[in-house]
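Examination of the molecular architecture
Okay, here's what each chain looks like letter by letter:
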Amino acid sequence: MADDDAMTPEELLGRLVRLFPDFAEYWNGPDNDERDSDGSFTLHGAFGEFSAYFCERYEELPAERVQALAWLLSECMADPDSDLDEAAASGFLENVAAERFHGDFERYLIGRPLEFYAQWGEGQGL
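To keep things clear, this report deals only with the structure shown in the data block. (Residues numbered from 1 in each chain as written. Predicted model: local features only at pLDDT ≥ 70, side-chain atom pairs only at ≥ 80, totals over all residues. Heavy atoms only, no water.)

Within the chain one finds seven helices and zero strands. Put simply, the chain runs from its N terminus to its C terminus through helices and strands in the order α-α-α-α-α-α-α. Compactness check: the chain gives a C-alpha radius of gyration of 14 Å against a globular reference of 14 Å for 126 residues, within 12% of the reference. By principal-axis analysis of the C-alpha atoms, the chain measures approximately 40 × 35 × 25 Å. (Helix = DSSP H or I, 4+ residues; strand = E, 2+ residues; numbered from the N terminus. Rg over C-alpha atoms; globule rule 2.2 N^0.38 Å.)

As structure tokens, then:
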């Protein structure tokens, strides 16, 4: 059942772009497979495409924006049974958990995102 207060895919994309303005160009690029032909996309798709951007540019991203992303992830994962929680966990955190920056990014996370990320990392021997 949809929650009227839940974040829409468009709202999520807007928040990601506000945090990382360069992501707008990346999102609109020809290699984005997460958008349907009519331009629609899902929460999972927005986080999935953002995870590719994040992995490619992690070392260039300002620490204060990475911290703000961690807060956004915490907000997204506040309701464990929501589509937004699932999208944040499997569409983003899982995608970045085995990356070269695992330990560095982990220090920004709090709450449920940290618990999920740390467990996923342990399972991968990180």
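This paragraph deals with the nonpolar core. Counting 40 residues, the largest nonpolar core has Leu 12, Phe 47, Phe 54, Leu 69, Phe 92 and Phe 105 as the members making the most contacts within it. Secondary-structure elements contributing two or more residues to this core are helix 1 (9–19), helix 2 (23–27), helix 3 (43–57), helix 4 (63–76) and helix 5 (83–96). When neighbours within four sequence positions are excluded, Phe 105 is seen to be in contact with Phe 54, Tyr 58, Val 66, Leu 69, Leu 73, Phe 92, Leu 93, Val 96 and Tyr 117. (Core = buried A, V, L, I, M, F, W, Y, C linked by side-chain atoms within 4.5 Å. Buried < 20%, exposed > 50% of the residue type's maximum accessible area, 1.4 Å probe, protein only. Contact = heavy atoms within 4.5 Å.)

Moving on, we get to the packing of aromatic side chains. Under the counting rule described, the total for this entry stands at 20 aromatic pairs. Geometrically, the ring pair formed by Phe 54 and Phe 92 is edge-to-face, given 5.1 Å between the ring centres and 70° between the ring planes. Separated by 38 residues along the polypeptide, Phe 54 in helix 3 and Phe 92 in helix 5 bring together distant segments of the chain. Under the relative-accessibility criterion, Phe 54 is labelled buried at 0%. (Phe/Tyr/Trp six-rings, centres within 6.5 Å; stacked < 30°, edge-to-face > 60°.)

Turning next to the state of the cysteines. Structurally, a disulfide amounts to a covalent bond that connects the sulfur atoms of two cysteines. Within the structure shown, the criterion is met by zero disulfides. Unpaired in terms of disulfides, Cys 55 finds its nearest cysteine sulfur in Cys 76, a separation of 17 Å. (Disulfide = S-S within 2.5 Å.)

Looking now at the packing of helix 1 against helix 3. Remark: helix 1 packs on helix 3, axes separated minimally by 8 Å, with the N-to-C direction vectors making an angle of 25°. With respect to helix 3, the axis of helix 1 lies roughly parallel. The way helix 1 lies across helix 3 gives a crossing that is right-handed. In this structure, helix 1 uses Pro 9, Leu 12 and Leu 16 to contact helix 3, whose residues at the interface are Leu 43, Ala 46, Phe 47 and Phe 50. Here the residues of the contact of helix 1 with helix 3 are counted per class, giving seven nonpolar, no polar and no charged. (Axes fitted to C-alpha atoms, helices over the stretch in contact; angles between N-to-C directions. Parallel < 35°, antiparallel > 145°, perpendicular 65-115°, else oblique. Left-handed = near helix turned anticlockwise from the far one by under 90°. Nonpolar A, V, L, I, M, F, W, Y, C, P; charged D, E, K, R; others polar.)

By themselves, these observations are geometric and do not establish any function.
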